[in-house]
Each structure stands twice: as structure tokens, then as C-alpha cells.
Amino acid sequence: MKRIIFLAMLLCWSSACLAANGAQPPSLAGRLFVVDPGHGVRYPDGSPLNVGAVGPGGYEEAKITLAVAEDLARRLRAAGARVVMTRSYAKPYRIGTVIRVDNRARAALANRLGATAFIAVHADGSLDRGRRGTSVFWLRPNSAALARAVRAHLAPLGLGESEFHMRDLAVTNEARVPAVLVEIGFVSNPAQAQLIASPAFQEREAQALFDAVAQTFAA
Ligand SMILES: [Zn+2]
């Protein structure tokens, strides 16, 4: 019986699933996460610096990532974690003059705070409207477990997989704490854009990211 419960906990981290098994939801008390919705940067004069991908139909990566990141933050806080966001509904734009410097600063914040992990949320763009799928990137070995968990929990969403590999990006290079950059689907793909712009699907994305973080870091 103990073994069955243990297996159920291994296989099943979503709060609904755990409730069905009578187990406690995962606790992230004492953990601190920096959640980074990609893009959304303006020059000091208010003109756009880093707007992110914009798909056909006007779907904006920066808005979609902010919604998913806010939802993820809410779930992490509900599980007892502290969350610091690099931008938020309250402060949706960062101010900067050089994109790479701004991106490095996001991960540097996680280093400075000694965060449990840094999670950058992006949505992909391509000139090829047929490209689809989620991607997960990381760089250092301390990030591999989180990267694998994110991949595993995104898979059931059915978006397909675009890329999964180590990648030297501004945020993954700067981060010393476990860090992943996730692309939650393509805004340039009309079908995927419509999905990932919908609040119902954004909840599923956020839950998948939460489940991955919980699986990796919950007590
Ligand atoms: Zn992006």
C-alpha cells in the first residue's frame, strides 16, 4: 500500500490529481523563484526596445508570456513559495537600452536573491508558419532536472516538441541557480497562437510549469 501511494505521488503532481489520491499538495515553503516573462522592454523614453514575437492576427508573445507567468507565480505562491517577477501585471514593462544587458539582468536577479530556480517564459516565432511545438533550453548541469521535468509536463498539452537541448542564451549563461527558458508554443503558427492566447489553455501551460517545478523542488 505504501508503495502504491509512493508511485501515485511520483506519477501525479497536479493538485487535482493529488487531491484525488488524498495526498497533500506539494509544499514549496521556503523556496524562492524568479519568474521571468520574456520581452516587454522599453527605452527610457517609452519607445519599444524588446517587444518579442508578434504572430499573424496580432498575437503578442510579450502579453502571452506575462499571462502564463503571472498564473505560474500565483500557483507557486499558493504552494507556499516566494516569487519575484522580472515584470508583472503591476509593472508590465522593463526599462532598458540594450536587449542582452536586460536579459542578463533578469537572471542576475535570481543569482543575487539566491533563488531556488529561475524560469523564463517565452513563446516562439518563425517565418515558417507551420513550425510548432514547445522548447526547453538550459545550460548548466544544475538545471537539467528542471528542464527534463518541464519537458515531461508540457508533453501532454499536445503542442509537439520543437527543441530540447543545452543552449547558451543570455539568461542561461548568466544564471548560476537552476535556470530554464521555456518556449510555450509558436505565436507565428495560427493554430498554436490561438491556443496559447486563450486563458483556458494558458492555465494548462501554467499548471504544467508549476507541476514541473513542484516535482523538482517540493519538499
Ligand atoms: Zn521570446
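Residues numbered from 1 in each chain as written. Predicted model: local features only at pLDDT ≥ 70, side-chain atom pairs only at ≥ 80, totals over all residues.

(A) Just the sheet that holds strand β5 (residues 94-95), in detail. Taken in spatial order, the 3 strands make up an open sheet running β3-β2-β5, and their pairing is mixed. Each edge of the open sheet is held by one strand with a lone partner, namely β3 (48-50) and β5. By the bridge criterion, 2 bridges tie strand β2 (residues 41-42) to β3 in an arrangement that is antiparallel. Bridged to V41 within β3 is N50. Those strands touched by helix α4 (residues 99-113) are β2, β3 and β5, and its axis lies near 60 degrees from that of β3. (Pairing = 2+ DSSP bridges. Helix = DSSP H or I, 4+ residues; strand = E, 2+ residues; numbered from the N terminus. Contact = placed C-beta atoms within 7 Å. Axes fitted to C-alpha atoms, helices over the stretch in contact; angles between N-to-C directions.)

(B) Representation of helix α3 (residues 61-78) in the model. With 18 residues, α3 should cover 26 Å at 1.5 Å per step; its first-to-last C-alpha distance of 26 Å lies within 8% of that length. Of all the 18 residues making up α3, 14 are buried; the element is thus mostly covered by neighbouring parts of the structure. G80 lies just past α3 and shows a positive phi near 100 degrees. (Expected span 1.5 Å × (residues − 1). Buried ≥ 20, exposed ≤ 12 C-beta atoms within 10 Å, placed from the backbone.)

(C) Quick look at the nonpolar core. Among the nonpolar cores identified, the biggest contains 58 residues, and F118 and V180 are the most heavily contacted of them. Tallying contributions element by element places α3 first for this core, with 9 residues. (Core = buried A, V, L, I, M, F, W, Y, C linked by C-beta atoms within 7 Å.)

(D) Examining the confidence of the model for the chain more closely. Residues at a pLDDT of 70 or more form 89% of the chain, whose mean pLDDT is 92. Confidence over residues 1-20 falls short of pLDDT 50; this stretch has 15 contacts with residues more than four positions distant or in other chains. (pLDDT = per-residue confidence, 0-100.)

(E) Main features of the sheet that holds strand β1 (residues 32-37). Reading across the sheet, the 6 strands line up as β4-β1-β6-β9-β7-β8 and stay open at both edges, with mixed pairing between neighbours. Two strands close off the open sheet at either side, each with one partner strand: β4 (82-85) and β8 (161-166). Neighbour-to-neighbour, the strand axes of this sheet turn through a mean angle of 20 degrees, independent of strand direction. Direction of pairing for β1 relative to β4: parallel, over a ladder of 4 bridges. Residue pairing in the sheet places V35 in a bridge with M85 of β4. Across the face of the sheet, α4 comes into contact with β1, β4, β6 (117-124) and β9 (179-186) while running at roughly 175 degrees to β1. With respect to the sheet, helix α5 (residues 144-154) is in contact with β6, β7 (134-138), β8 and β9, its orientation differing from that of β7 by roughly 175 degrees.

(F) The arrangement of the environment of L127 in detail. Structurally, L127 can be placed in the loop between β6 and β7. In this structure the C-alpha to C-alpha distance between L127 and G55, which are 72 residues apart in sequence, comes to 9.5 Å.

(G) Looking closely at α5. Regarding α5, the residues found buried are L146, A147, A149, V150, H153 and L154. Down the axis of α5, the buried set is contained in an arc of 165 degrees. They therefore lie on one face. Where α5 is buried, its residues meet β6, β7, β9 and α8 (199-217). (Arc of directions from axis to C-beta.)

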